[in-house]
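# Residue-level structure breakdown
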Amino acid sequence: MDIDEEEIFNTLMNSYKEDSKNFENETIRSLDFKSITKFQCFLIGTMIIAALLGVFVSHYHCISANGESALEMMEGLFSNYRKQYTDFIASKPDYCDSRALLDSRKILKNIRKQNILHQGKALHQLEIALNTENDLNAIAFVGPTGVGKSLILSHLIANFPWPENVHIYAWNTQVKDESEKFHMLRVLIERLSECGCNLLIIENLQPSDHGLVYLVNNLIAEIVNGQKRIIIVYVFNLNWMGDEYLLKEQREFLTKSLPVAHVINFKSFTKHEIPDCIYREMSFEKVTLPPNDIDDIVGTVDVPRTGCKDINSKVLLYGTIKNK
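Computed from a predicted model, the values in this text were never measured in an experiment.

## Section: the overall build of the chain
- On a plain count of helices and strands, the chain comes out with 15 helices and 5 strands.
- Across the 324 residues of the chain, 41% fall into the buried class.
- Intrachain contacts of the chain at a sequence separation of at least 6 include 75% that bridge at least 24 residues.

Structural data, given as structure tokens:
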């Protein structure tokens, strides 16, 4: 196959100029945010562009000899630049090194400070799961509503070293065509970062959605192909149908059937544990309620169906009535 060196060169230079312009603009915006002067921004941007141009020119002759290797080299060049740029903006060396910054023990230590109730075993399993260094680390949260799955995830997100790499997708999102859900997931996965580790959360899954896990894992393997590191958390809400045995069956089925490395089962709450949720929300909202109000709230909670999910609103309601 004949290679038009001038055409390849012009194509690469146009791509280079466009990407360099985007990188420079992005650099300047980020630096302005950090209150660095315009002169410093200009100087840094100029130095970056000059360095890139120098590398490109020095390799032009070998680039001309092979168009495919040229494209690969340019992709590698800009990928390396993006990582160095991110390190600089984040003010952290090795910011893109997922192995260096992802400290599962530190993350779980901070989460445990948030007064997570009655889920010590689940937290221990999560620490082990996060310590897995596979490029694709698939985890499943399994439990009924109101037992702390979303609460733990919110604190995991707050302590994740790369907040810009966190993505949440609600599987119960209403769309015209169910295939649109997979299309949206594909687009999201294609845009995952090569810097650091990505955290992808797919929530609001039902036990009947168990087949989705296999499909999404394969989709990630197809698109990412080992080029990015991903922690994906599938969040399954067990259906309470007035039968504790059916709830147990759902747990066992998902534990055995899900193609993930870690299935984390969340403990169901009992009526005796609801007061703990009330006291936690009272402390958080700085509300004081007498014992008879606490007993009234406990009596209104459908524990198997909602757990502690509605406790906060009930505490605020009783607190408002008392203040009046």
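Here the narrative resumes.
## Concerning the state of the cysteines
- Scanning all chains against the criterion turns up 2 disulfides.
- Here Cys 96 engages in a disulfide with Cys 195; their sulfurs sit 2.0 Å apart. Given an S-S torsion of about -95°, the disulfide between Cys 96 and Cys 195 has left-handed geometry. Here Cys 96, found in the loop between helix H4 (67-90) and helix H5 (98-101), pairs with Cys 195, found in the loop between helix H9 (179-190) and strand E3 (197-205); they are 99 residues apart in sequence, far enough to count as distant. The pair Cys 96 / Cys 195 is uniform in exposure class, with both members buried.
- Paired through a disulfide, Cys 277 and Cys 308 show a sulfur-sulfur distance of 1.8 Å. Its S-S torsion of approximately 60° makes the covalent link between Cys 277 and Cys 308 right-handed. With Cys 277 in helix H12 (residues 274-285) and Cys 308 in the loop between helix H14 (303-306) and helix H15 (311-323), the pair connects residues that are 31 residues apart, well separated along the chain.
- Residue class for Cys 308 comes out buried when judged on its relative accessible area of 11%.
- Regarding the disulfides, the chain carries the connectivity 1-2, 3-4 under sequence-order numbering of its bonded cysteines.

## What to know about the pattern of salt bridges
- Inspection of the entire model under this criterion finds 6 salt bridges.
- Across the pair Glu 222 and Arg 186 runs a salt bridge whose closest N-O atoms are separated by 3.3 Å. Here Arg 186 lies in helix H9 and Glu 222 lies in helix H10 (residues 210-224), a separation of 36 residues in the sequence.
- Overall, the relative accessible area of 53% leaves Glu 222 in the exposed class.
- Exposure remark for Arg 186: the relative accessible area of 28% places this residue in the partly exposed category.
- Across the salt bridge formed by Glu 273 and Lys 267, the nearest N and O atoms sit 2.6 Å from each other.
- One connected set of salt bridges, linked through shared partners, spans Arg 186, Glu 190 and Glu 222.

Criteria and cut-off values
Residues numbered from 1 in each chain as written. Predicted model: local features only at pLDDT ≥ 70, side-chain atom pairs only at ≥ 80, totals over all residues. Heavy atoms only, no water. Helix = DSSP H or I, 4+ residues; strand = E, 2+ residues; numbered from the N terminus. Buried < 20%, exposed > 50% of the residue type's maximum accessible area, 1.4 Å probe, protein only. Contact = heavy atoms within 4.5 Å. Disulfide = S-S within 2.5 Å. Salt bridge = Lys/Arg side-chain N within 4 Å of Asp/Glu carboxyl O.

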